[in-house]
Amino acid sequence: MIIEILKSSNLIIHSEYVLFQAILKWLETKHGEQFTEFGELLLPFIRFPYLKPIELAYAETMFSENQRLRKLCMKLIKEAYRFCVLSPLQALIDVSFAQSFFNPRNYTSLAMHKMTLQSLTEGTSTPKLVKTCVGPVPTKSIETYWNLFHILSKETLNLWLYPENSALIQDLLVKALIVISNEDGHIIQVEELENECSTEKKMSIKVFLKRTELKNNITVILKCHFK
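Remember, predicted model here, so these are calculated numbers, not experimental data.

## A closer look at a nonpolar patch on the surface
Step number 1: A cluster of nonpolar side chains, namely Leu89, Leu92 and Ile93, defines an oily patch on the protein surface of about 290 Å² accessible area.
Step number 2: Positionally, Ile93 belongs in the loop between α5 (67-86) and β2 (106-107).

Here you go:
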């Protein structure tokens, strides 16, 4: 069950570091050989490329008294650093980061991955520019600004997204996640859509709000890549 959860790219979590900390706390309940065996089983499912540099530095200090886990952890951290260095260049060199280890989950903490729609009012908004990038490392080949505007009518929210950058010739495959939370930050509703998008082709999303009083607690998370 734990492994199936850790495999998922659809987890909605604050950050990968929160997940890493949760695994470490769970491992603290294990002792002896169990600690090592479960560590070797679970740590490869943590997506180290999405830890911040200071968090990677902290991870380097882990497992100083367990050589097997320390060796494994350093190997995963090395892959994270490799991703940080080479991912901006992957369009120019023959390197691929297609494995799930290098794919982001739905992180609500990354300001460059999300925008929160504050103070929505009924009617039509003017387009807002939102800057997006891939993971903690901006990737020039896909970094762009987005136009986002909405029409809110009672319980229905219509969103339109399209990239602002006219130099972005290639179509993008965009996964948009609409997350609606209550006042305590607990997730009440999630809507997901995956579609093609370009400067000429807007991405349209229609959301039926199950609780209209939460219209100001809506977060849009974008994950996109070239087709």
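Moving on from the model shown.
## Digging into helix α3 (residues 33-42)
Step number 1: Those residues of α3 that fall on the buried side of the exposure criterion are Phe35, Thr36, Gly39 and Leu42. Mapping the buried residues of α3 onto a view down its axis gives an arc of 145°, with all of them on the same face.
Step number 2: Buried residues belonging to α3 abut α1 (2-7), α2 (16-27) and α5.

## With respect to the nonpolar core
Step number 1: In this structure, Phe20, Leu43, Phe48 and Phe63 are the most contacted members of the largest nonpolar core, which totals 32 residues.
Step number 2: Here this core takes 7 residues from α5, the largest share from any one element.
Step number 3: The residues contacting Phe48, other than those within four sequence positions of it, are Phe20, Leu43, Leu56, Ala59, Cys73, Leu76, Ile77, Ala80 and Phe101.
Step number 4: Formed by 17 residues, the second largest nonpolar core is a distinct cluster that contains Leu152, Leu157, Leu159 and Val220.

## A look at α5
For an α-helix the count is 3.6 residues per turn, leaving residues at separations of three or four pointing the same way.
Step number 1: Here α5 contains 20 residues, and its C-alpha end-to-end distance of 28 Å stays within 8% of the 28 Å for a straight helix at 1.5 Å per residue.
Step number 2: The set of residues buried in α5 consists of Leu69, Leu72, Cys73, Leu76, Ile77, Ala80 and Phe83. Mapping the buried residues of α5 onto a view down its axis gives an arc of 135°, with all of them on the same face. In α5, the exposed positions angled more than 90 degrees off the buried face are occupied by Gln67, Lys71, Lys75, Lys78 and Val85.
Step number 3: In this fold, the buried residues of α5 make contact with α3 and α4 (53-59).

## A word on the pattern of salt bridges
Step number 1: Applying the stated criterion across every chain yields a total of 4 salt bridges.
Step number 2: Between Lys7 and Glu4 there is a salt bridge, with its nearest N and O atoms 3.7 Å apart. A residue pair is termed a helical-turn pair when its members lie 3 or 4 positions apart in one helix, as Lys7 and Glu4 do in helix α1 at 3 residues.
Step number 3: One network of salt bridges, with partners in common, ties together Glu33, Glu40 and Arg68.

## Considerations on the packing of α2 against α3
Step number 1: Direction vectors running N to C along α2 and α3 enclose 160°, while the axes themselves pass 10 Å from each other. By the angle between their axes, α2 is roughly antiparallel relative to α3. Here α2 and α3 pass one another in a crossing that is right-handed. Note on element contacts: α3 touches α2 through Phe35, Phe38, Gly39 and Leu42, opposite Ile23, Trp26 and Leu27.
Step number 2: Residue composition of the contact of α2 with α3, by class: 6 nonpolar, 1 polar and no charged.

Rules of the game
Residues numbered from 1 in each chain as written. Predicted model: local features only at pLDDT ≥ 70, side-chain atom pairs only at ≥ 80, totals over all residues. Heavy atoms only, no water. Patch = residues over 30% accessible without salt bridge, like charges linked within 9 Å, V, L, I, M, F, W, Y side chains within 5 Å. Areas by Shrake-Rupley, 256 points an atom, 1.4 Å probe, with all protein chains shown as cover. Salt bridge = Lys/Arg side-chain N within 4 Å of Asp/Glu carboxyl O. Helix = DSSP H or I, 4+ residues; strand = E, 2+ residues; numbered from the N terminus. Buried < 20%, exposed > 50% of the residue type's maximum accessible area, 1.4 Å probe, protein only. Arc of directions from axis to C-beta. Contact = heavy atoms within 4.5 Å. Core = buried A, V, L, I, M, F, W, Y, C linked by side-chain atoms within 4.5 Å. Expected span 1.5 Å × (residues − 1). Axes fitted to C-alpha atoms, helices over the stretch in contact; angles between N-to-C directions. Parallel < 35°, antiparallel > 145°, perpendicular 65-115°, else oblique. Left-handed = near helix turned anticlockwise from the far one by under 90°. Nonpolar A, V, L, I, M, F, W, Y, C, P; charged D, E, K, R; others polar.

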